[in-house]
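# Close look at the chain arrangement
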Amino acid sequence: VDRINIAIDGPAGAGKSTVARQVAAQLGYVYVDTGAMYRAVTLLAQRKGIEPSQSEALRALVRDIDLQLIPTAAGQMIMLHNEDVTEQLRSREVTAQVSHYASNEHVRTKLGEMQRQLAEQKGIVMDGRDIGTHVLPNAELKVFLTASVEERARRRHRELTESNYVPLKQLEEEIAARDKLDETREIAPLIQAGDAILLDSSHMNIEEVVAYIVKLSQSKL
Ligand code: C5P
């Protein structure tokens, strides 16, 4: 084989997207941020006033959704019905609600199909929650990237500026609450795949994590 698929799953704020983006860049692969896809569905549902409990409305919403993932030098741009929503997807409103929309079966089925299609050609680094367990169960390399909740909150906290300041303790609570929803949902919950390599990055920096995953990927070729 000359190209493989790499699945990187784990809880919120473990550095998955930063790591996945850099691994993809080093290998010349395409990075796919599946969290951004769930965030895009959330943003659209919020704009249309659809609640997470309105399953039929969500089914129609994802049936007709026009979602484009465009690889860029910085990672990935998301176009929602021809509007660049990449920045908006990181808002607190979306972050606070995304796990509720992500538990819906129609949303998961539709996005899972799109994700499998994206990975058909191989050479994909995909990050999310259920990639190794459900979306790409045959991925050649699976990594479960985690870190203590305190460390994950500290990292997020360091990225904040005056305009979007949130106390550390509050960040920690929000991250823990989102993990709990993702871990306890009925469909495709967040869990380490049996054949995934567990990587606790609490005491590793990004370069070390990236180098380790790149090395693992080379051993699969
Ligand atoms: O990775 P990110 O924090 O952007 O993901 C946002 C949310 O999207 C997660 O908390 C989870 O609820 C949902 N998600 C998911 N399955 C994935 C990726 C993300 O349920 N594969």
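See above for the structure.
Below is a summary of the structure that appears in this document.

The rules behind the values
- Residues numbered from 1 in each chain as written.
- Predicted model: local features only at pLDDT ≥ 70, side-chain atom pairs only at ≥ 80, totals over all residues.
- Heavy atoms only, no water.
- Helix = DSSP H or I, 4+ residues; strand = E, 2+ residues; numbered from the N terminus.
- Expected span 1.5 Å × (residues − 1).
- Buried < 20%, exposed > 50% of the residue type's maximum accessible area, 1.4 Å probe, protein only.
- Polar contact = N/O pair within 3.5 Å; in protein donor to acceptor, adjacent residues only side chain to side chain.
- Near = heavy atom within 4 Å.
- Areas by Shrake-Rupley, 256 points an atom, 1.4 Å probe, with all protein chains shown as cover.
- Nonpolar A, V, L, I, M, F, W, Y, C, P; charged D, E, K, R; others polar.
- Contact = heavy atoms within 4.5 Å.
- Core = buried A, V, L, I, M, F, W, Y, C linked by side-chain atoms within 4.5 Å.
- Phe/Tyr/Trp six-rings, centres within 6.5 Å; stacked < 30°, edge-to-face > 60°.
- Lys NZ or Arg CZ within 6 Å of the ring centre and 35° of its normal.

## Notes on helix α2 (residues 34-47)
- Taking 1.5 Å per residue, 14 residues should reach 20 Å; α2 reaches 20 Å between its end C-alpha atoms and fits that length.
- All of the buried residues in α2 are Thr34, Ala36, Met37, Tyr38, Arg39, Ala40, Val41, Thr42, Leu43, Leu44 and Ala45.
- Backbone nitrogen of Gly35 and a side-chain oxygen of the N-cap are separated by 3.1 Å at the start of α2; the cap is Asp33.

## What about the site of the ligand?
- Surrounding the ligand, one finds 16 residues, the nearest of these being Arg39, Arg108, Asp130, Arg178 and Asp182.
- Within the side chain of Ser99, a nitrogen or oxygen atom sits 3.0 Å from an oxygen atom of the ligand.
- At a separation of 2.9 Å, an oxygen atom of the ligand approaches a polar side-chain atom of Arg185.
- Calculation on the ligand without its partners gives an accessible area of 450 Å², and the protein chains cover 97% of this total.
- Those elements that place two or more of their residues in the shell around the ligand are α2, α4 (92-102) and α8 (168-184).
- The element contributing the most residues to the shell around the ligand is α2, with four residues.
- Of the residues that constitute the shell around the ligand, the class distribution is four nonpolar, four polar and eight charged.

## Brief notes about the environment of Val98
- The topology assignment puts Val98 in helix α4.
- Leave out the neighbours within four places in its chain, and Val98 touches Tyr38, Arg39, Thr42 and Arg178.

## Topic: the nonpolar core
- Counting residues in hydrophobic clusters, the biggest one holds 35 residues, and the most contacted among them are Leu67, Ile78, Leu111 and Met126.
- Counting residues per element, the ones that place at least two in this core are α2, α3 (55-63), β3 (67-72), β4 (75-80), α4, α5 (105-118), β6 (124-128) and α6 (131-135).
- The element best represented in this core is α2, accounting for eight residues.
- Excluding residues that lie within four positions of it along the chain, Leu67 makes contacts with Met37, Ala40, Ile78, Met79, Leu80, Leu111 and Met114.
- Ile6, Val23, Ala24 and Tyr29 belong to the second-largest nonpolar core, a separate cluster that totals 20 residues.

## Digging into the packing of aromatic side chains
- Taken as a whole and assessed by the stated rule, the structure comprises zero aromatic pairs.
- It is Arg3 that lies over the ring of Tyr29; its NZ or CZ is 6.0 Å from the centre.

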